Number of protein chains: 2
Amino acid sequence: MHRYYGESIPFGSAEKAFKDATTLGYLNSAQALADYAEILIHVKEEFEAQKSPIIVIGLSYGGMLASWFRLKYPHIAVGALASSAPILFFEDITPQNAFALVVSNDFKGVSENCYDTIKRSWSIIDEIASAQHGLRLLSTRFKTCKDLKDSSELKKYLEAIYTIAAQSSRSLVQKICQIIDQAPTDDSILDKIMAVVVAIAGDAPCYVIPPESAPDQSDKAWEWQKCTEIVMPGGRGDETMFQRAPFNQNDYNSLCMLLFAIRPRTHWITTYYGGRDIKLTLKRFASNIIFSNGLRDPYSSGGVLEDISETILAVTAEQVLTSWFRLKYPHIALGALAPSAPVLYFEDITPQNAFDLVVFNDFKKVMMQPCYVNPPESAPDQSDNAWEWQNNLLSMISIDTMGNQSHLSRLKKPSKTQPHLDIYTFRVHGA
Amino acid sequence: MHRYYGESIPFGSAEKAFKDATTLGYLNSAQALADYAEILIHVKEEFEAQKSPIIVIGLSYGGMLASWFRLKYPHIAVGALASSAPILFFEDITPQNAFALVVSNDFKGVSENCYDTIKRSWSIIDEIASAQHGLRLLSTRFKTCKDLKDSSELKKYLEAIYTIAAQSSRSLVQKICQIIDQAPTDDSILDKIMAVVVAIAGDAPCYVIPPESAPDQSDKAWEWQKCTEIVMPGGRGDETMFQRAPFNQNDYNSLCMLLFAIRPRTHWITTYYGGRDIKLTLKRFASNIIFSNGLRDPYSSGGVLEDISETILAVTAEQVLTSWFRLKYPHIALGALAPSAPVLYFEDITPQNAFDLVVFNDFKKVMMQPCYVNPPESAPDQSDNAWEWQNNLLSMISIDTMGNQSHLSRLKKPSKTQPHLDIYTFRVHGA
């Protein structure tokens, strides 16, 4: 449902919508929230469900949108579940190194040797690349689908493997480190790294550079957002397993100038949504937001990890769930939300809406705390709240991320005589 | 400071800025709030006053902006004082008749005969106007500066006199009714009404239609806002002293289509800022807003008149202050705020900022309640709060209305050793 993603293309065609800043200007988070607001009010009218409380749910960028929606439209959503939402990844609120540090610590926690090997690999790659025929050598060694033009192409690919592994599950990190640690001692570091590539990417004809590398439309939309408002200054200092690469605003600006002839507005997110002194600001102002994070997920470093008030809660899990569901559907799995019910996540053979139902069940568990979510004015007294809440929960909005489809799905028309559950899903692209 | 008002003209010239919807599109309340946010953050950086709490203050449309700013930017403003802010004048939240009813009751409260005379005058005017040479007769009788083309010109002028009198002071209403009630009994109703015109408008060469009636630029800006987002469906039913004129959305739309080739978005304000079930929504979400209203002010009918929570307060005064200050500066007087200190409002010989200082003093009085406004995290314990608050209050933002100047005024640079007060004034046009 997020403009410019999936099927939500304004101006009649993608060509026009993505033409330049004149039309791309409408691609921004504030506009997306306004769209949700309009749609939700419309949907409620359509189905005569005006009294149905709405909870907004999202992961990653969708999680940021969920929390921001609750902050900006408290009259429309009674609560938000923001999973892996790095709302503090802006300006200098979070150290630039934080994301890379979590990934690094995930690997270090599994094996010091693994961590060291990866850390040492970068300079070896650079050394070979700078030698005569070095790039050709690397291309052969890593079986790249096209010849490498620069060592950064290989390094970016490897960085992505490590980062996605850390985001996905501990077992993937363990698998990578097992390959590195158990390799014959006379194998070179590059041999070990190549073995990791084969193990993770599978037995493919070639690696590193995909046969066709044109970015798809949603990628371009996300690039635009990163070049305008979603400026997350992530860098890498010496204390990570990655190659040192501090964030450089000037380089970033130049890239955006090149891509879109536009300068990023680095301070806009904190100006519009806040983020500085977030505890102080939200404690007495906001309510009914759950921030959930897996602490091994690098995005947690930009998340809210501590309770802010009695109704603004942080749910954290040291161990991100190792679930096939998350591996299969990393774009929708709220892995950290329900560590106690992982079995349900395996249901990838159930109907499309199974995940939503799972989230709903998880959410109900969190909701079991009486008084957590603002009941409608007509709700009975406190001791009955929890139960009433569950019976009256009519609508949930799931703002999920990276989906290729834009749709507003609805399970069934509300019955006036019976409690029921409606779920609307907004699929949007995410970080 | 509000775009398109006073000197804040974007696009280089008023001609371009007011050209059509392409450029006028940036004239809206959300954009104005975003501008305030950007400016405030800039100003705080400029003066190294990052830790200074900001309170936003405004009257009428400025009052709506003040409350909305606190709702949308709680991380920037710690509190808002919204005076005569009719934030509930949208859609069907407030009965269409409410505004006219307050004016009518102001007159009825002073004199039933006065109320009846005014109420009867409309049909008499229409009757004469519809007769042959009737409009010329009315033009002569009311000494209009140009010939009347329609009786509605005269009726609108009279309506404005009664409404402004009710908004301004009880003594003006009393004056009008005195003229009507004490006129010789054989005077016709129209004679009485003309006597009111002369008494209120003064001894002028002509009345009703001003010699030059082209609307000024700020009026056009406000028309645009009324035709896009600020759609207040005010109408008049039979139970007022005005002529029956129910609000008609189709007529309203047609007028806007004619003026700007645009359709009003009647539901946008409530979608973006809320307004329905306002107590329920704000009780657990928002904080630190004072809504002040004089109950004889017709705008109070669209205002928040009851406390919503311990930190969202309604200050109401049955008797709107009769102060020369308010008469002289109706665009900035917060008449209802400090009924206990009217003497200060007479200071129209003091420097320009006198009014701001008065408001500041008034505000301090309200602030005397410990814990009313969120102190900075470093504030001492509750018993010291009130005093600390006063000493540390560094910045106040006054969003005032109808000013012809746009300026950001600042009293003095913060001293680091001494408590001080800064006041920034944003002048904007208002309803």
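Residues numbered from 1 in each chain as written. Chains lettered and ligands numbered in written order. Predicted model: local features only at pLDDT ≥ 70, side-chain atom pairs only at ≥ 80, totals over all residues. Heavy atoms only, no water.

Under an unreviewed UniProt entry, chain A has the name Lysosomal Pro-X carboxypeptidase and belongs to Tripterygium wilfordii.

Trainee: For the overall build of chain A, give the residues involved together with the corresponding values.
Mentor: A tally of regular secondary structure across chain A gives 17 helices and six strands. By residue count, 53% of the 431 residues in chain A fall in the buried class. If you take every contact in chain A between residues at least 6 apart in sequence, the share linking residues at least 24 apart comes to 69%. Here chain A has roughly 19200 Å² of accessible surface; of this, 53% comes from carbon and sulfur atoms. (Helix = DSSP H or I, 4+ residues; strand = E, 2+ residues; numbered from the N terminus. Buried < 20%, exposed > 50% of the residue type's maximum accessible area, 1.4 Å probe, protein only. Contact = heavy atoms within 4.5 Å. Areas by Shrake-Rupley, 256 points an atom, 1.4 Å probe, with all protein chains shown as cover.)

Trainee: Before we move on, can you summarise the pairing of strand β3 (residues 289–294) of chain A with the specific residues and values?
Mentor: Each regular strand displays side chains that alternate between the two surfaces of the sheet. Residues and elements named next belong to chain A. Within β3, six of the six residues are buried, which leaves the element mostly enclosed by the surrounding structure. Across four bridges, strand β2 (residues 79–83) lies against β3 in parallel orientation. Bridged to Ala82 within β3 is Phe291. In the sheet, β3 pairs with strand β4 (residues 312–317) via six bridges, with the strands oriented parallel. Across the sheet, the residue bridging to Ile290 is Leu313, located in β4. (Pairing = 2+ DSSP bridges.)

Trainee: Please provide a residue-by-residue account of empty space enclosed by the protein, values included.
Mentor: A complete count under the given rule lists 10 cavities of 30 Å³ or more for this structure. One number sums up the size of the largest cavity: a volume of about 150 Å³. What lines the largest cavity is a set of 17 residues, among which Leu71, Tyr273, Gly274 and Leu282 of chain A together with His75 of chain B lie closest to the centre. Elements represented by at least two residues in the lining of the largest cavity include exactly α4 (61–72), α13 (268–273) and α14 (278–283) of chain A together with α4 (61–72) of chain B. Residue composition of the lining of the largest cavity, grouped by class: 11 nonpolar, four polar and two charged. Size it by volume and the second largest cavity reaches roughly 120 Å³. (1 Å grid on protein atoms, 1.4 Å probe; cavity = no way out; pocket = protein on both sides within 12 Å on 5 of 7 lines; lining within 4 Å. Points joined across faces, edges and corners; volume = space filled by probe spheres on them. Nonpolar A, V, L, I, M, F, W, Y, C, P; charged D, E, K, R; others polar.)

Trainee: Give me the lowdown on the packing of helix α6 (residues 112–130) of chain B against helix α10 (residues 189–201) of chain B, citing residues and values where you can.
Mentor: Residues and elements named next belong to chain B. Viewed as axis vectors pointing N to C, α6 and α10 meet at an angle of 110°, and their least axial separation amounts to 9 Å. As summarised for this structure, α6 and α10 are arranged roughly perpendicular, according to the angle between their axes. From α6, Thr117, Arg120, Ser121, Ile124, Ile125 and Ile128 reach across to α10, where they touch Ile189, Leu190, Lys192 and Ile193. The residue makeup of the contact of α6 with α10, split by class, is six nonpolar, two polar and two charged. (Axes fitted to C-alpha atoms, helices over the stretch in contact; angles between N-to-C directions. Parallel < 35°, antiparallel > 145°, perpendicular 65-115°, else oblique.)

Trainee: Which residues make up the interface of chain B and chain A, and what are the values?
Mentor: With 32 residues of chain B in contact, the opposing surface of chain A contributes 32 residues. When the area that chain B buries against chain A is broken down by residue, the three leading residues are His75, Arg284 and Phe285 of chain B, summing to 27%. Counting across the chain B and chain A interface gives two salt bridges. Among the ionic pairs, Glu38 of chain B bridges to Arg265 of chain A, the shortest N-O distance being 2.7 Å. The interface formed by chain B and chain A contains 16 residue pairs in polar contact (both at pLDDT 80 or more). Of all the elements in the fold, those that place two or more residues in the side of chain B that touches chain A are α3 (29–46), α4, α13 (268–273) and α14 (278–283) of chain B. Tallying contributions element by element places α13 of chain B first for the side of chain B that touches chain A, with five residues. Here the residues of the side of chain B that touches chain A are counted per class, giving 15 nonpolar, eight polar and nine charged. (Buried area = accessible area lost by both parts, 1.4 Å probe. Salt bridge = Lys/Arg side-chain N within 4 Å of Asp/Glu carboxyl O. Polar contact = N/O pair within 3.5 Å; in protein donor to acceptor, adjacent residues only side chain to side chain.)

Trainee: With reference to specific residues and values, describe the nonpolar core.
Mentor: Membership of the largest hydrophobic core comes to 147 residues, with the highest contact counts inside it found for Trp68, Phe69, Phe107 and Tyr162 of chain A together with Trp68 and Phe69 of chain B. Core analysis: the next-biggest nonpolar cluster, separate from the first, contains 35 residues, Leu148, Ile161, Ala165 and Ile176 of chain B among them. (Core = buried A, V, L, I, M, F, W, Y, C linked by side-chain atoms within 4.5 Å.)

Trainee: I'd like a rundown of helix α9 (residues 170–182) of chain B, residues and numbers included.
Mentor: Residue and element names in this part refer to chain B. For α9, with 13 residues, the first-to-last C-alpha span of 18 Å sits near the 18 Å given by 1.5 Å per residue. Taken together, the buried positions of α9 are occupied by Arg170, Leu172, Val173, Ile176, Cys177 and Ile180. Down the axis of α9, the sector holding all buried residues measures 165°, keeping them to one side. (Expected span 1.5 Å × (residues − 1). Arc of directions from axis to C-beta.)

Trainee: Which residues make up α10 of chain B, and what values do they have?
Mentor: All names here are of chain B. The end-to-end C-alpha separation of α10 is 18 Å, in line with the 18 Å expected for 13 residues at 1.5 Å each. Residues of α10 that are buried: Ile189, Leu190, Lys192, Ile193, Met194, Val196 and Val197. Looking at the buried side of α10, the elements it contacts are α6, α7 (134–141), α8 (151–168) and α9. Looking one or two residues past α10, Gly202 carries a phi angle of roughly 85°, positive in sign.

Trainee: Hey, could you go over the state of the cysteines for me, with residue numbers and the actual values?
Mentor: Under the counting rule described, the total for this entry stands at six disulfides over all chains. Each sulfur in the disulfide pair Cys114 of chain A and Cys177 of chain A lies 2.1 Å from the other. Measuring the twist about the S-S bond at about -70°, one finds the Cys114 of chain A-Cys177 of chain A disulfide to be left-handed. Here Cys114 of chain A, found in helix α6 (residues 112–130), pairs with Cys177 of chain A, found in helix α9 (residues 170–182); they are 63 residues apart in sequence, far enough to count as distant. One disulfide in the model links Cys227 of chain B with Cys256 of chain B; its S-S distance is 2.0 Å. Disulfide Cys227 of chain B-Cys256 of chain B: torsion about the S-S bond near -80°, hence left-handed. Placement of the pair is Cys227 of chain B in helix α11 (residues 217–228) and Cys256 of chain B in helix α12 (residues 249–260), with a sequence separation of 29 residues. Each of the two residues, Cys227 of chain B as well as Cys256 of chain B, counts as buried. What connects to what in chain A, once the bonded cysteines are numbered by sequence position, is 1-3, 2-4, 5-6. (Disulfide = S-S within 2.5 Å.)

Trainee: Lay out the relation of the copies chain B and chain A in plain terms, naming residues and giving numbers.
Mentor: Superposing chain B onto chain A takes a rotation of 180° plus a shift of 0.0 Å along the axis, which leaves an RMSD of 0.1 Å. Considering both components of the superposition, the chain copies are consistent with a two-fold axis. Comparing interface residues between copies, 97% of those in chain B also sit at the interface in chain A, which points to an isologous, same-surface contact. (Least-squares fit on C-alpha atoms with pLDDT ≥ 70 in both.)

Trainee: Lay out the pattern of salt bridges with the relevant residues and their values.
Mentor: Residues and elements named next belong to chain B. In the structure shown here, the tally under the stated rule is 22 salt bridges over all chains. Residue Arg3 is joined to Asp35 by a salt bridge in which the shortest nitrogen-to-oxygen separation is 2.5 Å. Taken together, the positions of Arg3 in the segment before α1 (14–17) and Asp35 in helix α3 put the pair 32 residues apart, joining distant regions of the chain. Looking at Arg3, the relative accessible area reads 26%, which means it is partly exposed. The exposure class of Asp35 is buried, given its relative accessible area of 11%. A salt bridge links Glu91 to Arg276; the shortest N-O distance between them is 3.3 Å. Here Arg276 lies in the loop between α13 and α14 and Glu91 lies in the loop between β2 (79–83) and α5 (98–110), a separation of 185 residues in the sequence. Owing to a relative accessible area of 39%, Arg276 belongs among the partly exposed residues under this scheme.

Trainee: So what's going on with the environment of Phe107 of chain B? Which residues, and what values?
Mentor: All names here are of chain B. With respect to the helices and strands, the residue Phe107 is situated in helix α5. Counting along the chain gives 70 residues from Phe107 to Cys177, while the straight-line C-alpha distance between them is 7.4 Å. Those residues in contact with Phe107 that lie beyond four places of it in its chain are Cys114, Ile118, Tyr162, Val173, Ile176, Cys177 and Met241.

Trainee: Can you break down the side chain of Ser151 of chain A residue by residue, with the values?
Mentor: By secondary structure assignment, the location of Ser151 of chain A is in helix α8 (residues 151–168). Each residue touching Ser151 of chain A, except ones within four places of it in the same chain, is listed here: Ile125, Asp126, Ala129 and Leu135 of chain A.

Trainee: Run through a nonpolar patch on the surface, naming residues and quoting values.
Mentor: A contiguous nonpolar patch, built from Leu255, Leu258 and Leu259 of chain A and spanning about 320 Å² of accessible area, is present on the exposed surface. The topology assignment puts Leu255 of chain A in helix α12 (residues 249–260). (Patch = residues over 30% accessible without salt bridge, like charges linked within 9 Å, V, L, I, M, F, W, Y side chains within 5 Å.)

Trainee: Let's hear about the confidence of the model for chain A: which residues, and what values?
Mentor: Caution applies to low-pLDDT regions: their predicted coordinates should not be interpreted in detail. Residue and element names in this part refer to chain A. On average, residues of chain A score 76 in pLDDT, and 72% of them reach the 70 mark or higher. Looking across chain A, the model is least confident in helix α17 (residues 382–392), with a mean pLDDT of 31, and most confident in α6, with 97. Taken as a whole, residues 319–431 scores under 50 in pLDDT and shows 253 contacts with residues more than four places along the chain or in a different chain. (pLDDT = per-residue confidence, 0-100.)

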